[in-house]
Amino acid sequence: MQKLASTIPGSVVTSTENLASRSLSSSLIEDSSGNGRHGRAGGGPKYRSVNLPGSNLALAFDGHDDRVAVPDAPIFHLTKSFTLEAYIEIDRSPESPPALSQIVFRGDNRPWFDPWFLAITKSRRLRFLVADALSNTSILHSPEPLPTGKLVHVAATLDDQTGEQSSFVHGKRVATIRTEIRACGAHEGPGAGIGIGNRQSPSNEAFAGTIDEVRICAAALSPSQFLPPVKARES
């Protein structure tokens, strides 16, 4: 069983502590934030050794069908301010159209009905999308490609008061735009939910690499409130 831990109410944080290296297939992913938002690992992601604050194992996704799926719930209806963040390590860039690798995603099985996601593009740039109920979108890209083979902390925030939509790498703001778009709330489409390392159901937007400590929070956090900085990876 993988443990989810959180220090901020309303967030979901994935961590893997004291677990032997093995493959996961339909294994329970427990949310220990107290919000009861448990998920299931599908496709068979594996554990990978990392050196992160409070965690020495993360989930490695194969870039094909691996994912963690969490059923949709009102706590994920982030219609005002919110933050998405995670530690990631990219093994390779996405290639198959639409050339996206999902880090964390909310949507359903219909195309173009995705209220929000944080993903990696073919050029290894962060893409932070917010979409309203009419599928009007606001998309922010980070200016520089992220490295491969290196743990990176990434974050994205939307501030409802200022309209600032921002992305961060290692706690440093790298891109900002102002938008009037706010994410859609309740979803009526089939299969709605949260996907980690992929969409919420198998797709060609799978992530190839490592993801840990995914946090979804209904507030626009400041860098001082983000997850702790990445430490040097153990050999």
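Computed from a predicted model, the values in this text were never measured in an experiment. (Residues numbered from 1 in each chain as written. Predicted model: local features only at pLDDT ≥ 70, side-chain atom pairs only at ≥ 80, totals over all residues. Heavy atoms only, no water.)

Asker: Could you clarify how one ought to interpret unusual backbone geometry in this entry?
Answerer: Note: most peptide bonds trans; most residues except glycine with negative phi. With an omega dihedral of 10°, the bond running from P97 to P98 counts as a cis peptide bond. Tracing the chain through its elements places P98 in the loop between strand 8 (82–90) and strand 9 (100–107). Positive phi, close to 65°, is recorded for R124, a residue that is not glycine. Counting through the fold element by element, R124 comes out in the loop between strand 10 (116–121) and strand 11 (126–131). At H170, a residue that is not glycine, the phi angle is positive and equals roughly 55°. (Helix = DSSP H or I, 4+ residues; strand = E, 2+ residues; numbered from the N terminus.)

Asker: I would appreciate a short explanation of the confidence of the model for the protein in the present structure.
Answerer: Close inspection of predicted coordinates is inappropriate in any region flagged by low pLDDT. Per-residue confidence for the protein gives a mean pLDDT of 86, with 86% of residues at or over 70. Long-range and interchain partners of residues 1–23, a stretch whose pLDDT sits below 50, account for 86 contacts in this model, where long-range means more than four residues apart. (pLDDT = per-residue confidence, 0-100. Contact = heavy atoms within 4.5 Å.)

Asker: Would you mind showing me how to read the side chain of R67 here?
Answerer: As for its position among the elements, R67 is in strand 7 (residues 67–71). Comment: no salt bridge for buried R67; closest opposite-charge side chain is D65, at 6.0 Å. A distance of 3.2 Å separates a polar side-chain atom of R67 from the backbone oxygen of D65. Sequence-distant contacts of R67, defined by excluding residues within four places in its chain, comprise R40, A41, G42, G43, P45, F61, I196, N198, R199, Q200, S201 and P202. (Buried < 20%, exposed > 50% of the residue type's maximum accessible area, 1.4 Å probe, protein only. Lys, Arg positive; Asp, Glu negative; His and termini not counted. Salt bridge = Lys/Arg side-chain N within 4 Å of Asp/Glu carboxyl O. Polar contact = N/O pair within 3.5 Å; in protein donor to acceptor, adjacent residues only side chain to side chain.)

Asker: I'm lost on the packing of aromatic side chains in this one. Help?
Answerer: Centre-to-centre distance and the angle between the planes together describe a pair of aromatic rings. Following the criterion strictly, the structure yields four aromatic pairs and no others. An angle of 40° between the planes, with centres 6.1 Å apart, marks the rings of F82 and W116 as tilted. Taken as a pair, F82 in strand 8 and W116 in strand 10 lie far apart in primary sequence, 34 residues in all. No difference in accessibility class separates F82 from W116, as the two residues are buried. Consider the rings of F168 and F226, whose centres lie 5.1 Å apart with planes at 80°: the pair is edge-to-face. Placement of the pair is F168 in strand 14 (residues 164–169) and F226 in the segment after strand 17 (208–217), with a sequence separation of 58 residues. (Phe/Tyr/Trp six-rings, centres within 6.5 Å; stacked < 30°, edge-to-face > 60°.)

Asker: Looking at this structure, I do not really get the pairing of strand 5 (residues 46–52). What am I missing?
Answerer: Two faces belong to every sheet, and in a regular strand the side chains alternate between them. Pairing geometry for strand 5 and strand 6 (residues 55–62), over five bridges, is antiparallel. By the bridge assignment, L52 is partnered in strand 6 with S55. A loop of two residues connects strand 5 with strand 6, the two strands running antiparallel in sequence, and G54 in this loop sits at a positive phi of about 80°. (Pairing = 2+ DSSP bridges.)

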